[in-house]
Amino acid sequence: GDSVTQMEGPVTLSEEAFLTINCTYTATGYPSLFWYVQYPGEGLQLLLKATKADDKGSNKGFEATYRKETTSFHLEKGSVQVSDSAVYFCALSDPNYGGSQGNLIFGKGTKLSVKP
Amino acid sequence: DVKVTQSSRYLVKRTGEKVFLECVQDMDHENMFWYRQDPGLGLRLIYFSYDVKMKEKGDIPEGYSVSREKKERFSLILESASTNQTSMYLCASSVLRSEYATEAFFGQGTRLTVV
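The present account deals with the structure reproduced in this document. As the structure is a computational prediction, the values presented were derived from the model and not from experiment. (Residues numbered from 1 in each chain as written. Chains lettered and ligands numbered in written order. Predicted model: local features only at pLDDT ≥ 70, side-chain atom pairs only at ≥ 80, totals over all residues. Heavy atoms only, no water.)

Below, the discussion takes up the overall build of chain B. Each helix and strand counted, chain B has zero helices and twelve strands in total. Seen in sequence order, chain B has helices and strands lined up from the N terminus as β-β-β-β-β-β-β-β-β-β-β-β. Taken over the C-alpha trace, chain B has a radius of gyration of 13 Å; the compact-globule value for 115 residues is 13 Å, and the two agree within 12%. Restricting to contacts in chain B with at least 6 residues of sequence separation, those with at least 24 account for 54%. Counting only carbon and sulfur atoms, one obtains 49% of the accessible surface of chain B, whose full area is about 5,700 Å². (Helix = DSSP H or I, 4+ residues; strand = E, 2+ residues; numbered from the N terminus. Rg over C-alpha atoms; globule rule 2.2 N^0.38 Å. Contact = heavy atoms within 4.5 Å. Areas by Shrake-Rupley, 256 points an atom, 1.4 Å probe, with all protein chains shown as cover.)

All names here are of chain A. Spatially, the four strands line up as an open sheet ordered β3-β9-β8-β7, and their pairing is antiparallel. Bordering the open sheet on either side are β3 (19-21) and β7 (56-59), each of which pairs with just one other strand. Across the sheet, the mean angle separating the axes of adjacent strands is 15 degrees when strand polarity is ignored. One ladder, built from two bridges, connects strand β8 (residues 62-65) with strand β9 (residues 75-77); its direction is antiparallel. Its bridge partner being in β9, F62 is matched across the sheet by K77. (Pairing = 2+ DSSP bridges. Axes fitted to C-alpha atoms, helices over the stretch in contact; angles between N-to-C directions.)

Our next topic: the environment of M7 of chain A. Residue and element names in this part refer to chain A. Residue placement: M7 occurs in the loop between β1 (3-6) and β2 (11-14). By relative accessible area, which is 28% here, M7 ends up partly exposed. The residues touching M7, leaving out its near neighbours within four places in the chain, are T20, I21, N22, G109 and T110. (Buried < 20%, exposed > 50% of the residue type's maximum accessible area, 1.4 Å probe, protein only.)

Quick look at unusual backbone geometry now. Following G9 of chain A, the chain continues into P10 of chain A via a peptide bond in cis, with omega recorded as -5 degrees. The residue P10 of chain A is located in the loop between β1 and β2 in this model. Phi angles above zero are rare outside glycine, and D54 of chain A is one such case at about 75 degrees. Inspection of the secondary structure puts D54 of chain A in the loop between β6 (44-50) and β7. Given the relative accessible area of 53%, D54 of chain A is considered exposed. Within the chain, K53 of chain B stands out as a residue other than glycine whose phi angle is a positive 65 degrees.

Below is the structure:
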């Protein structure tokens, strides 16, 4: 079945450091890919998305490119801030997978802490 | 802005109680979902619905049921709460598309403690 694997955390960085969070997926169909962010005590917010191969999603300085050949969707940011401290989830949704009607399948999340 | 609203942020219930978690969305989305979130396990799908009165089991439906009588409202029911159902519960909604999957919008979560 479909699945998402993302790097385990926690990840601790200094402010202005470069961030990469790896995400790979397995899918039977042709999924859309997402990164969600969860700040402490809150629900999930969409950070960025890509719906087809070679699409690049970007938002708030974060980027991720849909790589079908490597089944990856790695999240990157060139210079992190303390306010980026949160849990990041990679997810996929395949509308044609087993009648799933677009369910999101999540990785287990990566906790990022950014120190001043 | 899409708004998904869960009725409670925090709930404390006793073992054996019947518990209702309510979720309302205001964007006329066809799909609605209930997930639970646990440390080290990520988010796991409990139930979803793609139309009024329709429901489908997710990965962990045991001990739960759902109700969708109106398009905007999706309720999660714990028939007889147990301590292993202590968790964060997240509701989400999305537009139904056949050609590609769209993003889901999440509520703020309900942290349920069963004592």
